[in-house]
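Residues per chain are reported as follows:
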Amino acid sequence: MSSQKPVLAVLTSGGDSPGMNAAIRSCTLAALQSGYKVIGFTHGYYGILQNKYIELHEHVVRDIIHCGGTILKSARCPEFKEDESQQQAAKNLEELNVKALIVIGGDGSFNGLIQLSRYYKGQVIGLPGTIDNDIDGTDYTIGFATAVETAIEAVDKIRDTADAFERIFIVEVMGRHSGFLALNVGIASGAEQIITFENFINPGKELKKIAEHISLCKKQRGMSSYLIVAAENLWPGGVYRLAEDLGNYANIKCTPCVLGYIQRGGNPLAKDRILATKLGVGAIRAIDNGKTMLMIAECNRDIKEVSLAIAVGHTKTVNKDLLQAQESVLDIAALAKQQVL
Ligand code: ADP
């Protein structure tokens, strides 16, 4: 590419999340102001490998802040884990004179960036974009707030039917291997049980706990709705199997429901648009200051620069206050003992 201006590239990788477009927009606008030519590789790391990109002008990103998904498309690119692909990508980036690369994605995508930096000598910056909120070093990831809200809306609707039919529902929410979504959605929708990584002992003990709680609730309040919110990838065989297991264990009839991909889509909430805008601007500031190998994060409302190695090297754990809050409000047995019910 013949260009006098330094080139800055952006891509989105891994699971899409609401607010990725807002992040593309803010990176682009801030980079244009700093004098860069901006390009966006399409379909994650495939874009670099296949030299597929679009030029990001002001008019391209003007009207995207409110849109879910990503105008650059996303992809999982397994071959990027191979050395030869990373070397090829570095070569392609250098041929395009790309001075800095911003990757918006989750910890997998950040791993890709770390591997790429062994061969690519430009600056590399990651922006945390995932609905799972499972990246250490940032309070929130772009898309988490919207996904929580989407799932709560769905669970509220399920509650209406559960209530009308006095039925037990098990709702599976996303989160990959982290309980942020399940715990936040479960608490905000008033679920009677939340099954998540942070409080899971083993299937046998969990079955006993759930069955006892259901039976206690039935005793206290008669037939009524009862909601279980479960994190994906946790119960062996998933929530359909959990429903079967509860039937076999205690003759409890449950309706399983997997929320699935609706949680990834939709227009981002203001919180995600604003977070994405701040992080995008923070990325260009870091690049202008010559920095590299960083994730731009928000901690206690400040924009921070966190080493990419820290972001991918540590497991982010759910705040204990959340777990305690959940246990306290759900301890119907304890309330009954104090004759509050
Ligand atoms: P997320 O970024 O949402 O966590 P993935 O874990 O699926 O999603 O990773 C997205 C992409 O990042 C992968 O398809 C691959 O292209 C790249 N990637 C993930 N892990 C590595 C790795 N160890 N080395 C190189 N690239 C990786």
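Just so it is clear, the model here is predicted, and its values are computed rather than measured.

Conventions adopted
Residues numbered from 1 in each chain as written. Predicted model: local features only at pLDDT ≥ 70, side-chain atom pairs only at ≥ 80, totals over all residues. Heavy atoms only, no water. Domains from an automatic or database assignment. Buried area = accessible area lost by both parts, 1.4 Å probe. Salt bridge = Lys/Arg side-chain N within 4 Å of Asp/Glu carboxyl O. Polar contact = N/O pair within 3.5 Å; in protein donor to acceptor, adjacent residues only side chain to side chain. Nonpolar A, V, L, I, M, F, W, Y, C, P; charged D, E, K, R; others polar. Pairing = 2+ DSSP bridges. Helix = DSSP H or I, 4+ residues; strand = E, 2+ residues; numbered from the N terminus. Axes fitted to C-alpha atoms, helices over the stretch in contact; angles between N-to-C directions. Contact = heavy atoms within 4.5 Å. Near = heavy atom within 4 Å. Areas by Shrake-Rupley, 256 points an atom, 1.4 Å probe, with all protein chains shown as cover. 1 Å grid on protein atoms, 1.4 Å probe; cavity = no way out; pocket = protein on both sides within 12 Å on 5 of 7 lines; lining within 4 Å. Sits in = over half its atoms within 2 Å of the grid points.

## Brief notes about the domain arrangement of the protein
Then comes step 1: Parsing the protein into structural domains produces domain 1 (7–143 + 268–311) and domain 2 (145–264).
Then comes step 2: Note on domain 1 versus domain 2: buried area summed over both sides is about 1200 Å², and carbon and sulfur give 52% of it.
Then comes step 3: A salt bridge links Asp16 to Arg264, with the shortest nitrogen-to-oxygen separation between them at 3.0 Å.
Then comes step 4: Our enumeration of links across domain 1 and domain 2 arrives at six residue pairs in polar contact (both at pLDDT 80 or more).
Then comes step 5: When grouped by side-chain class, the residues that make up the side of domain 1 that touches domain 2 number four nonpolar, four polar and seven charged.

## Concerning the sheet that holds strand 4 (residues 98–105)
Then comes step 1: Sheet architecture is open: seven strands sit in the order 3-2-1-4-5-10-11, paired in mixed fashion. The open sheet has two free edges, formed respectively by strand 3 (53–55) and strand 11 (302–307), since each of these has just one partner strand. Adjacent strand axes in the sheet meet at a mean angle of 25 degrees when their direction is disregarded.
Then comes step 2: Pairing analysis gives three bridges linking strand 2 (residues 37–41) to strand 3, with the strands arranged antiparallel. Bridging across to strand 3, Gly40 finds its partner in Ile54.
Then comes step 3: Its contacts with the sheet put helix 5 (residues 107–116) on strand 4, strand 5 (123–128) and strand 10 (294–299), and the angle it makes with strand 4 is roughly 155 degrees.

## Some details on the site of the ligand
Then comes step 1: The environment of the ligand is formed by 17 residues, the closest being Arg76, Cys77, Gly108, Ser109 and Arg176.
Then comes step 2: Cys77 places a main-chain nitrogen or oxygen 2.7 Å from an oxygen atom of the ligand.
Then comes step 3: Gly108 has a polar backbone atom sitting 3.0 Å from an oxygen atom of the ligand.
Then comes step 4: For the ligand, the protein covers 86% of the area, taking 550 Å² as the surface of the free molecule.
Then comes step 5: Its atoms largely coinciding with the cavity grid, the ligand occupies the largest pocket.
Then comes step 6: Here the residues of the shell around the ligand are counted per class, giving three nonpolar, 10 polar and four charged.

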